[in-house]
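Overview (structure and organization)
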Amino acid sequence: MISLFQPAPSLPKLPPSEHFWMPRDASVTAANIDWLYMFMVWMSVICTVGIFAAMAYFCTKYRATSRKANERAERSSDHNTTLEVTWSIIPLFVVIALFVWGFKGFVDLRTPPKDSLEIHAIGKRWAWSFQYPHGVDNALHVPVDRNVRIVIQSLDVLHSLYIPNFRTKMDAVPGRYTDLWFRATEAGEFPIFCAEYCGTSHSDMLSNVVVHPPGGYEKWVKEQIEIANSLPPVELGKRVYEKQGCNACHTIDGSPKIGPTWKGLFGKNESLQSGRNVKVDENYIRESILDPQKEIVAGMPNSMPVTKLSDREITGVIEYLKTLK
Ligand code: CUA
């Protein structure tokens, strides 16, 4: 299991969900969706129980005791217009009400408020990353009680950004932007899933939303900028490895995963699919990060996405690799 989750000890531990079968609702739009859902569930339960109860009652009450009695019953069955109009009109109004209620909720969900804070989300096999003023992070950090619009992209195949606690989900489609918005109502951490089957490690494509208490988000951004500018290269490289999702495909302990392990990689002779042999040095690593499709290591899938790193970050990764002997 990849350790994607960065502990945030300052955040309150949330009590369990107040719902029986739904995760805790933590956004402004969640309550409406839950109401609609529960209304449909209970309406279905009541109708089902009612229909089966009536069926059982009629079966017992009008059960024919002989063939003769049965024939008489068939002849006397009749038509009742009032009853038929009633059981058609009432459900019609219920269905119209459900449509209006659902459509209004849908429009609300699809219309991000103009004052939203925008954060870009990038899906790639098999990790989410989120862009902030200081760079990227593998967790979605947002302020509490503020409208947030997430602009979603995919670098490879279809993914879907899913935040159950906010009752919101949107596909990440290669070659176009999609979006979703929410307004978190309480500080805390909530899981993010990929809800579109995207290959081998689809179920590991996890992240979380960190909802900061008032003032916490601004403080966090400031801290991140300071860290990015002041970390020594090796530590910056380690941070990139964890935050950019490199760890989704590369291990640092020599165990196999989708891409080559980073342990002992620096200085190694690697045979490529093109038949060429290269020594893993600074320039080879730099090229592999900036243009990962150019040369593929023999026996490995061609699945590394392009990752935008600054020169400082690339140097950091190289220096970090050197320490993994
Ligand atoms: Cu990404 Cu499933």
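This structure is a prediction, so every number in the text was calculated from the model and none was measured.

**Focus: the overall build of the protein**
Along its length, the protein carries seven helices and 12 strands. A total of 325 residues make up the protein; the buried ones form 39% of that total. Here the analysis covers contacts within the protein between residues at least 6 apart in sequence; of these, 65% occur between residues at least 24 apart. Surface accessibility of the protein: about 19,000 Å² in total, with carbon and sulfur atoms responsible for 61%. The positive charge centre, built from 35 side chains, and the negative charge centre, built from 34, are 4 Å apart in the protein.

**A few points about the packing of helix α6 (residues 282-290) against helix α7 (residues 311-323)**
The interhelical angle for the contact between α6 and α7, taken along N-to-C directions, is 125°, at an axis separation of 10 Å. As far as their axial angle goes, α7 and α6 are oblique. Helix-helix and strand crossings are classified by hand; for α6 and α7 the assignment is right-handed. In this structure, α6 contributes Glu-282, Ile-285, Arg-286, Ile-289 and Leu-290 to the contact, and α7 contributes Asp-311, Ile-314, Val-317, Ile-318, Leu-321 and Lys-322. Per-class residue counts for the contact of α6 with α7 are seven nonpolar, no polar and four charged.

**Re the domain arrangement of the protein**
Per the domain assignment, the segments making up the protein are domain 1 (1-58 + 81-230) and domain 2 (232-323). Here the C-alpha centre of domain 2 lies 34 Å away from the C-alpha centre of domain 1. Summed over both partners, the interface of domain 1 with domain 2 comes to about 1,500 Å²; 50% of that surface belongs to carbon and sulfur atoms. Applying the counting criterion to the domain 1 and domain 2 interface returns zero salt bridges. Summed over the shared surface of domain 1 and domain 2, the result is two residue pairs in polar contact (both at pLDDT 80 or more). For the side of domain 1 that touches domain 2, the elements supplying multiple residues, two or more each, are β3 (135-137) and α4 (216-230). In terms of residue count, α4 provides more of the side of domain 1 that touches domain 2 than any other element does, five residues in total. Of the residues belonging to the side of domain 1 that touches domain 2, the class tally is eight nonpolar, seven polar and three charged.

**Here's the deal with the packing of aromatic side chains**
If you walk through the whole model with that rule in mind, you get 12 aromatic pairs. For the pair Tyr-132 and Trp-220, a centre-to-centre distance of 5.0 Å together with 80° between the ring planes defines the contact as edge-to-face. With Tyr-132 in strand β2 (residues 127-132) and Trp-220 in helix α4, the pair connects residues that are 88 residues apart, well separated along the chain. Classification of Tyr-132 as buried rests on a relative accessible area of 7%. Centroid distance Tyr-162 to Phe-193: 6.5 Å. Interplanar angle 45°. Geometry classified as tilted. Within this pair, whereas Tyr-162 is found in strand β6 (residues 159-163), its partner Phe-193 is found in strand β9 (residues 188-194), the two being separated by 31 residues in sequence.

**Comments concerning the pattern of salt bridges**
For the structure shown, the criterion picks out 15 salt bridges. The closest approach of N and O atoms between Arg-183 and Asp-145, which form a salt bridge, is 3.2 Å. One end of the pair, Arg-183, is in strand β8 (residues 178-183); the other, Asp-145, is in the loop between β4 (140-143) and β5 (147-154), and 38 residues separate them in sequence. A residue is classified by how much of its surface remains accessible, and Arg-183, at 25% relative accessible area, is partly exposed. For Asp-145, a relative accessible area of 48% corresponds to the partly exposed category. Across the pair Asp-311 and Arg-286 runs a salt bridge, and its minimum N-O distance is 3.3 Å. Here the residue Asp-311 occupies a position in helix α7, and Arg-286 occupies one in helix α6, the gap between them amounting to 25 residues. Judged by its relative accessible area of 31%, Arg-286 falls in the partly exposed class. Connected via shared salt-bridge partners are Arg-110, Glu-118, Arg-149 and Asp-179.

Definitions and cut-offs
- Residues numbered from 1 in each chain as written.
- Predicted model: local features only at pLDDT ≥ 70, side-chain atom pairs only at ≥ 80, totals over all residues.
- Heavy atoms only, no water.
- Helix = DSSP H or I, 4+ residues; strand = E, 2+ residues; numbered from the N terminus.
- Buried < 20%, exposed > 50% of the residue type's maximum accessible area, 1.4 Å probe, protein only.
- Contact = heavy atoms within 4.5 Å.
- Areas by Shrake-Rupley, 256 points an atom, 1.4 Å probe, with all protein chains shown as cover.
- Lys, Arg positive; Asp, Glu negative; His and termini not counted.
- Charge placed at Lys NZ, Arg CZ, Asp CG, Glu CD.
- Axes fitted to C-alpha atoms, helices over the stretch in contact; angles between N-to-C directions.
- Parallel < 35°, antiparallel > 145°, perpendicular 65-115°, else oblique.
- Left-handed = near helix turned anticlockwise from the far one by under 90°.
- Nonpolar A, V, L, I, M, F, W, Y, C, P; charged D, E, K, R; others polar.
- Domains from an automatic or database assignment.
- Buried area = accessible area lost by both parts, 1.4 Å probe.
- Salt bridge = Lys/Arg side-chain N within 4 Å of Asp/Glu carboxyl O.
- Polar contact = N/O pair within 3.5 Å; in protein donor to acceptor, adjacent residues only side chain to side chain.
- Phe/Tyr/Trp six-rings, centres within 6.5 Å; stacked < 30°, edge-to-face > 60°.

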